Each structure stands twice: as structure tokens, then as C-alpha cells.
Amino acid sequence: MIGMMVVINVGAINNFLFPHQISVINEEDGFGEWKAISFEGNQYLIYDSIFYKKTVTNNANSTDSIKMRILDEKGNIVLNDLIIDAGTTINLKELENNKYYTVEIWSDNGWYMLNFR
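Residues numbered from 1 in each chain as written. Predicted model: local features only at pLDDT ≥ 70, side-chain atom pairs only at ≥ 80, totals over all residues. Heavy atoms only, no water.

*Asks:* Now, about the confidence of the model for the chain: what can you tell me, with residues and values included?
*Replies:* Mean pLDDT over the chain: 84, with 80% of residues reaching 70 or higher. Averaged pLDDT values over the elements of the chain bottom out at 48 in helix 1 (residues 2-9) and peak at 97 in strand 6 (residues 88-91). (pLDDT = per-residue confidence, 0-100. Helix = DSSP H or I, 4+ residues; strand = E, 2+ residues; numbered from the N terminus.)

*Asks:* Residues and numbers for the pairing of strand 7 (residues 102-106), please.
*Replies:* Taken across its five residues, strand 7 has four buried, putting it largely inside the fold. Alignment of strand 2 (residues 35-36) against strand 7, held across two bridges, turns out to be antiparallel. Residue pairing in the sheet places Ala-36 in a bridge with Glu-104 of strand 7. The pairing of strand 4 (residues 66-71) with strand 7 spans five bridges and is classified as antiparallel. Across the sheet, the residue bridging to Lys-67 is Trp-106, located in strand 7. (Buried < 20%, exposed > 50% of the residue type's maximum accessible area, 1.4 Å probe, protein only. Pairing = 2+ DSSP bridges.)

*Asks:* Lay out the environment of Ile-37 in plain terms, naming residues and giving numbers.
*Replies:* Among the secondary structure elements, Ile-37 is positioned in the loop between strand 2 and strand 3 (55-58). Along the sequence, Ile-37 and Val-24 sit 13 residues apart, while their C-alpha atoms lie 8.5 Å from each other. Non-local contacts of Ile-37, meaning those with residues more than four positions away in its chain, are made with Ser-23, Ile-25, Gln-43, Val-103, Ile-105 and Leu-114. (Contact = heavy atoms within 4.5 Å.)

*Asks:* Can you tell me about the nonpolar core, naming the residues and giving the values?
*Replies:* Of all hydrophobic cores here, the largest spans 21 residues; its most connected members are Met-68, Leu-92, Leu-114 and Phe-116. Looking at this core, the elements that each hand over two or more residues are strand 4, strand 5 (77-84), strand 7 and strand 8 (110-116). Residues contacting Met-68, with those up to four places away along its chain left out, are Trp-34, Val-56, Asn-80, Asp-81, Leu-82, Ile-84, Leu-92, Val-103, Glu-104, Ile-105, Leu-114 and Phe-116. (Core = buried A, V, L, I, M, F, W, Y, C linked by side-chain atoms within 4.5 Å.)

This is the structure in C-alpha cells:
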């Protein structure tokens, strides 16, 4: 019981055991083209812990589905035309640990929150 309380309430331990990266997009006009997103100030998605599940969730409160693609460090498309409905999670098992990825989205206007675990 005490161990569970420590994991939940101590941020460093929680982040180590349950790592995630969040990107919040608030787009008023839609994109009309692919746009790179950031993660709490970081330009790249990187799975640098063995505890990552390698999934992405489009928050249930997001405006709508979102279209996403992922590029490697050289700009090559690794995953293309992923459509993630609001409130759903998809696997990103193809991504490797300790590599830098650029995530780009194509969306209509609205509010979106993507949670990478």
C-alpha cells in the first residue's frame, strides 16, 4: 500500500515507471498540410525507457479523428496515414527505442491531445 502511494505521488518515480509524452494541439483553421508537433517543448518523440508501451492515444475529448505520420531522423516516413479516432489508442511497436522521431499531423480545426506512452 505504501509502495503504491509512493509510485502515484512521487513524480520522478511515476514518470520513470509510467513514462509518457503529451502533445496538445489547438488549431483554429485546420492545417491543409502536414505539420510537426512538439511534446512539452521537445521537438522529437523518443522512446528512451524500457517502460514505454509504444502507443498513442487521441484523447476522448479531442474534437475529432486525427491523421498522423511519423518520420525518422533522416526524414524518411516510418509510419504513414495513421488515423486515430477520438478516444482510441493505436500501437506504435514499429518504432525503435532511443531514436528520434518527428511526428506530423493533418487535422481539421479543433482541439486535440495526443498521449504517447
